[in-house]
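Coordinate inspection notes
The primary structure of each chain is shown beneath.
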Amino acid sequence: VHKCNVSSSVEIGDIILVKLQKQKGGLLHHWFCSSLTVKGTNGTVYSFPCYSWFYDSGVLELREGTAKKSNEDTLSVLKKHRKNELAQRKKEYKWTTLIKGIPRCSDIVDVSKIPPNMQFSFTKNMEFKLNSIIAKVEMCFEGHDLIRESWEILEKLMKAVHIKQLTVENGWLYFKNILHEAQEKLIPKLNKLSTKKQWPKWFNREYVKKHWQEDAFFGYQYLNGTNTTLIRRCDAIPANFPVTSKMVSPFLDKSLEVELKAGNLFLVDYKLLDGIKGNVLKKIQQYVPAPLCLLYKKADGNLVPIAIQLKQKPGSENPIFLPNDSVDNWLLAKVLVRSADFNYFEWITHLLRTHLMAEVFCLATMRQLPSVHPLFKLLIPHTRYTLQINTMARTFLINKGGIFDRAFSTGGPAKKTVLQRGFESLTYSAFCVPDDIKVRGVENVPNYYYRDDAQELWAIINEFVVKLVSYYYKSNTDVKKDSELQAWVQDIFQALLSRKSLGNSIEELTKFLTMVIFTCSAQHNAGNAGQYDFSVCLPNASSTLRRPPPTSKTSRVDYRGWIADAQSAVNSRATTWVLTRPSHDPVFLGQYPEERFTEDIPKKLIKEFQSEMQKCDERIKKRNEKLDLPYTYLLPSATENSVSL
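Residues numbered from 1 in each chain as written. Predicted model: local features only at pLDDT ≥ 70, side-chain atom pairs only at ≥ 80, totals over all residues. Heavy atoms only, no water.

From N to C terminus, the protein chain includes 21 helices and 13 strands. With 645 residues in all, the protein chain has 56% of them scored as buried. Taking the contacts inside the protein chain whose residues are at least 6 apart along the sequence as the reference set, 75% of them involve residues at least 24 apart. Approximately 29,400 Å² of the protein chain is accessible, and the part contributed by carbon and sulfur atoms is 52%. (Helix = DSSP H or I, 4+ residues; strand = E, 2+ residues; numbered from the N terminus. Buried < 20%, exposed > 50% of the residue type's maximum accessible area, 1.4 Å probe, protein only. Contact = heavy atoms within 4.5 Å. Areas by Shrake-Rupley, 256 points an atom, 1.4 Å probe, with all protein chains shown as cover.)

Put into structure tokens, the structure is as follows:
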């Protein structure tokens with residue numbers, strides 16, 4: 001970091017714009033300017049936030065940092081400046097339609113074409129590339145019992161990194177040593193580059209390996225796993241799920257009717273997957289179940305499955321599996337549900353509800369809000385790295401022939417239908433934590449740590465947003481008159497293919513902004529951070545199924561005949577491993593390393609916000625000390641500000 005002081009003996013008066021120009025050539029081809037501070041002879045200090053790269057003979061015009069809405073500029077030069085800034089941004093950030101019927105996204109297909117301010121840092125780039133190389137080999141070594149084609153996979157990996165002249169006898173050891181040597185040399189350097197504290201210790205994956213077969217842990221994952229927003233209270237048994245009192249009475253304290261009225265039964269329904277034709281992997285047809293699962297809240301607080309139907313249409317060839325079936329039959333039913341859940345999670349809960357939504361918010365912010373706008377200053381921290389990680393996902397993960405096409409039963413042609421159905425099913429209330437909890441009827445479910453932490457974080461974010469917005473918008477009329485805000489909202493709703501829009505009240509605006517920030521930070525982390533933890537044990541999250549759901553209960557059955565083959569398992573687990581690696585340059589929820597707000601009141605509100613986040617962090621850690629299985633995925637100190645992985 002370099003600080004430059006420039007003095008002038010001439011009094012230059014009030015400063016509204018500063019122009020910076022870099023001469024072509026020199027030692028610094030690329031220059032990142034953080035900010036500029038000017039102190040007048042009369043003691044007045046002017047702050048000019050920048051936080052932007054520029055190159056060669058580039059020119060930057062910076063406005064004084066006081067946040068201004070669109071109707072608050074009176075000087076023509078300032079009106080022209082914000083108009084020109086947005087015109088340039090709209091050339092850089094353009095919409096396109098990847099798949100009809102899902103949110104629109106950036107038209108950028110090459111990460112090198114992403115505007116420099118939105119690209120990964122050097123540190124992020126280096127660690128991401130290294131982790132991607134290491135991932136598959138690590139998966140092979142962890143999964144000896146499940147990997148039957150390990151040498152074939154290793155040969156492909158060796159070709160990818162140009163390692164030659166290895167034999168079967170020395171290949172494994174040599175390749176692992178090479179990777180670990182690279183990791184030992186590079187990671188310390190990356191650590192030195194980062195001044196941020198490291199992420200806390202995550203979930204103990206050994207717990208998953210030990211307990212994945214248990215009914216209580218099966219139910220626990222709907223509350224505190226990766227897919228925590230799918231479960232809802234069951235007030236009536238669905239017509240296509242003909243569970244009778246006789247079937248489930250052995251597992252209930254009281255009759256089925258009484259337990260329904262008491263609110264002790266819960267349903268998870270994967271109807272969105274109904275009729276999806278599975279992918280074809282290595283010329284072998286794969287299968288996608290669309291289960292219904294009934295769960296019961298026991299007196300001890302545990303949530304356990306008591307009935308599973310693996311297809312939506314009831315019938316003689318679609319049995320309802322029960323806990324008193326043979327151990328093998330009951331375990332197989334749960335394994336198939338977990339596979340459906342993993343596929344649903346990756347496409348809907350993870351990709352659609354966080355990544356694609358965050359990109360919509362990101363692009364609209366860059367296209368419609370100039371850097372001087374108060375809402376740009378509020379939202380820009382929550383767009384960090386989102387455009388690059390999503391562009392990379394479209395290039396390597398969800399593209400034709402990408403990882404999802406090679407590892408998931410919902411890859412290939414199926415992904416289009418799954419995403420379209422998922423998007424069609426989304427509601428605004430599902431993105432707003434208090435509304436979602438109420439709609440799903442899960443207010444009183446015990447041991448629901450995701451719900452508890454999400455509600456607290458939502459409340460803290462909302463309080464901060466309310467205070468900040470109220471500082472800049474004194475009335476509903478102020479909201480209505482802000483043409484840039486209205487354009488931002490319109491851009492979002494058009495990208496979401498919706499004719500509806502947001503109202504013009506401060507209350508509606510603050511709720512919407514809270515939703516945007518929560519989605520880009522906490523909601524993404526709640527799913528993303530734990531996906532490797534819960535998928536590390538293959539039967540608990542098989543990315544694909546090689547057989548269709550059974551049409552009857554048999555005396556002997558082995559779930560291993562259904563779960564993913566070795567190569568698909570390595571591909572899916574390697575992907576989740578890479579996407580959950582701790583970053584070496586994180587910006588956590590509540591942190592604002594870029595000081596874009598220059599006024600005293602917003603600065604004070606940010607400090608208060610950070611203080612509340614710290615208190616929340618301490619409360620969660622204190623609670624976790626009493627738990628056998630700590631819930632860490634919504635710790636503010638481990639939740640990044642944006643969708644950056």
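So, about the confidence of the model for the protein chain. With 86% of its residues at a pLDDT of at least 70, the protein chain reaches an overall mean of 87. Note on residues 141-176: pLDDT under 50 across the span, and 47 contacts to partners over four residues away in sequence or across chains. Taken as a whole, residues 178-203 scores under 50 in pLDDT and shows 51 contacts with residues more than four places along the chain or in a different chain. (pLDDT = per-residue confidence, 0-100.)

Taken as a whole and judged by the stated rule, the model has 28 salt bridges. Put simply, D235 and R233 hold a salt bridge, and the shortest N to O gap is 3.1 Å. Across the salt bridge formed by K615 and E612, the nearest N and O atoms sit 3.4 Å from each other. Taken as a pair, K615 and E612 lie in helix α21 (residues 600-624) at a separation of three residues, close to a single helical turn. By relative accessible area, which is 39% here, K615 ends up partly exposed. Residues joined in a network through salt bridges with shared partners are R63, D73, R82 and E484. (Salt bridge = Lys/Arg side-chain N within 4 Å of Asp/Glu carboxyl O.)

The next point concerns a nonpolar patch on the surface. A contiguous nonpolar patch, built from I16, L75 and V77 and spanning about 210 Å² of accessible area, is present on the exposed surface. Tracing the sequence through the fold places L75 in the loop between β4 (59-63) and α1 (76-92). What makes L75 partly exposed here is its relative accessible area of 41%. (Patch = residues over 30% accessible without salt bridge, like charges linked within 9 Å, V, L, I, M, F, W, Y side chains within 5 Å.)

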